[in-house]
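# Chains, contacts and geometry: an overview
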Amino acid sequence: MTDSSRGGRSILPIVLLSAAGFTVLTTEFVIVGLLPAMARDLGVSVSSAGLLVTLFAFTVAVVGPPLTASFSRFERKRLFVTTLLLFALSNLLAATAPNFGLMAFARFIPAVMLPVFWALASETAVAITGPERAGKAISMVSFGIVAATIFGIPIGTLIGDAFGWRVAFGSLAGLALLKAALLFFFLPVIQGKRESASVASQMGILRDPVIAGHVLLSLLVFAGMFTAYTYLADILERLGGFDGATVGWILMGFGGVGMIGNWLGGRLVDRSPLGASVIFCAPIAIAMIAVVPVVHSYGVLAIVLAIWGIAQAALFTVSHVRVMKSASANAALGASLNISGANMGIGLGAIVGGRVIDGFGLQHVGWAAAGVIGLSIAAAFVLMTARSSSVGDPCPEAE
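What counts and how
- Residues numbered from 1 in each chain as written.
- Predicted model: local features only at pLDDT ≥ 70, side-chain atom pairs only at ≥ 80, totals over all residues.
- Heavy atoms only, no water.
- Core = buried A, V, L, I, M, F, W, Y, C linked by side-chain atoms within 4.5 Å.
- Buried < 20%, exposed > 50% of the residue type's maximum accessible area, 1.4 Å probe, protein only.
- Helix = DSSP H or I, 4+ residues; strand = E, 2+ residues; numbered from the N terminus.
- Contact = heavy atoms within 4.5 Å.
- Patch = residues over 30% accessible without salt bridge, like charges linked within 9 Å, V, L, I, M, F, W, Y side chains within 5 Å.
- Areas by Shrake-Rupley, 256 points an atom, 1.4 Å probe, with all protein chains shown as cover.
- Salt bridge = Lys/Arg side-chain N within 4 Å of Asp/Glu carboxyl O.
- pLDDT = per-residue confidence, 0-100.
- Polar contact = N/O pair within 3.5 Å; in protein donor to acceptor, adjacent residues only side chain to side chain.
- Phe/Tyr/Trp six-rings, centres within 6.5 Å; stacked < 30°, edge-to-face > 60°.
- Lys NZ or Arg CZ within 6 Å of the ring centre and 35° of its normal.

### Some points on the nonpolar core
- The biggest cluster of nonpolar side chains holds 91 residues, and the ones touching the most others in it are Trp118, Leu183 and Trp308.
- With twelve residues, helix α6 (residues 100–129) is the single largest residue contributor to this core.
- Here Trp118 is in contact with Gly21, Val24, Leu25, Val141, Ser142, Ile145, His320 and Ile339, once residues within four sequence places are set aside.
- Residues Leu34, Leu42, Ala106 and Ala168 belong to the second largest nonpolar core, which totals 16 residues.

Below you can see the structure in the form of structure tokens.
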């Protein structure tokens, strides 16, 4: 297939995968805006309802790599359509759940399949466009993440406010069903890996210290980001004095500038995966420290939040591509390992931020987050000097 013919055929499937990803990520995060109403309706406290978020994140972290290794041999179109049908079923179950236990089960189903979707969708996008365009292809798929942050979560929350949280989940069920139909009719048949390696042997790539180091780097990056980002709305309300509606618009703008970061990350990561990590880690650390001192200077605050939003979105893409390239012999499993490490980091970051708030105050969260990001930068420099004996130099740096 020539470059021109491949380019002409590759856009629609990748756009469809991105659109499916929008539904997948909205399903994961929309619950945050629906928790109070859900808690009241299901007869539990808000903190107990919050365990649904914890269940989702840690399920993704634990089951992602082995399931991706197991499913990597399946034909991609059938797997993706089945995944979206399961998302439709789980959201319908959530919309009709009569009690907390059934709701927990409804949330467990998509958490199991989310890392499989993202890992194999990323690998499929690269297979369609070619490895030389890996960063651009994955950034296109990752656009679904950004779109979910900008539009999916706020719209889902507004639907919940206007019509009830069950309607929000019901709408996601319908959307997932529509995306499944689009993938069925327009996604080409793409065969999975033919080798019959066992899950244990595939997971053996973690014995490579460079690959393990890249997964650890993703964990640190996401732990640093979410140490502060988890509590950004609280910072804006309690320290900045903004009302809830204003905070909502600020966060929408935060997600909007993320489109720039997604674009930049997709282009810089192909030149130097580790270099791109450092390039975006440094400004996000500075921005997280600066946000509290400038929270009452609206113009400066907008600039600081724009830098933070751009760098954060870029690091989503950079981390994903970086781990995939480090595990180039099994890129899908590498992508799943990154998703696992990132979700573990998200959970740990929220815990670290909460402990800092309890012990030292909300105003110090940015410093703690920057400290974790500092560890990420140090880890990136260590990896720059490392060489893998099994896969060579997995992430060649641009000199």
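### A look at a nonpolar patch on the surface
- On the surface, a cluster of nonpolar side chains totalling about 460 Å² of accessible area is made up of Leu12, Phe184, Phe185 and Phe186.
- No other element matches helix α8 (residues 165–186), which puts three residues into the nonpolar patch.
- Position of Phe185 among the secondary structure elements: in helix α8.

### Describing the environment of Pro293
- Within the secondary structure, Pro293 sits in the loop between α13 (273–290) and α14 (298–326).
- Sequence separation of Pro293 and Gly240 is 53 residues, and the distance between their C-alpha atoms is 9.8 Å.

### Regarding the confidence of the model for the chain
- For the chain, the average pLDDT comes to 83, and 88% of its residues sit at 70 or higher.
- Taken as a whole, residues 1–8 scores under 50 in pLDDT and shows seven contacts with residues more than four places along the chain or in a different chain.
- Counting contacts from residues 388–399, a segment whose pLDDT is below 50, to residues more than four positions away or on other chains yields 27 contacts.

### Quick look at the side chain of Ser376
- Looking at where Ser376 falls in the secondary structure, it is placed in helix α16 (residues 365–384).
- A relative accessible area of 0% means that Ser376 is categorised as buried.
- In terms of polar contacts, Ser376 uses its side chain to reach the backbone carbonyl oxygen of Leu220, at 3.4 Å.
- The residues contacting Ser376, other than those within four sequence positions of it, are Leu217, Leu220, Val221 and Cys281.

### What about the pattern of salt bridges?
- Under the defined criterion, the tally for this structure stands at two salt bridges.
- Measuring nitrogen to oxygen at the nearest pair gives 3.0 Å for the salt bridge that ties Asp41 to Arg166. Here Asp41 is found in helix α2 (residues 31–42), whereas its partner Arg166 is found in helix α8, with 125 residues between them in sequence.
- Residue class for Asp41 comes out partly exposed when judged on its relative accessible area of 43%.
- Look at Arg166 and you get partly exposed, because its relative accessible area is 26%.
- In this structure, the salt-bridge partner of Asp270 is Lys325, at a minimum N-O distance of 3.1 Å. Residue Asp270 is found in the loop between α12 (244–268) and α13, and its partner Lys325 is found in helix α14; the two are separated by 55 residues along the sequence.

### Quick look at the packing of aromatic side chains
- Scanning the model with the defined rule gives ten aromatic pairs in all.
- With a centroid separation of 6.5 Å and 10° between ring planes, the pair formed by Phe222 and Phe226 is classed as stacked. With Phe222 and Phe226 both in helix α10 (residues 209–229) and four residues apart, the pair spans about one turn of that helix. The two residues Phe222 and Phe226 agree in class, both being buried.
- By way of ring pairs, the aromatic residues Phe222, Phe226, Tyr229, Phe254, Trp308 and Phe316 are connected into one cluster.
- We note Lys77 situated over the ring of Phe184; from NZ or CZ to the ring centre the distance is 5.3 Å.

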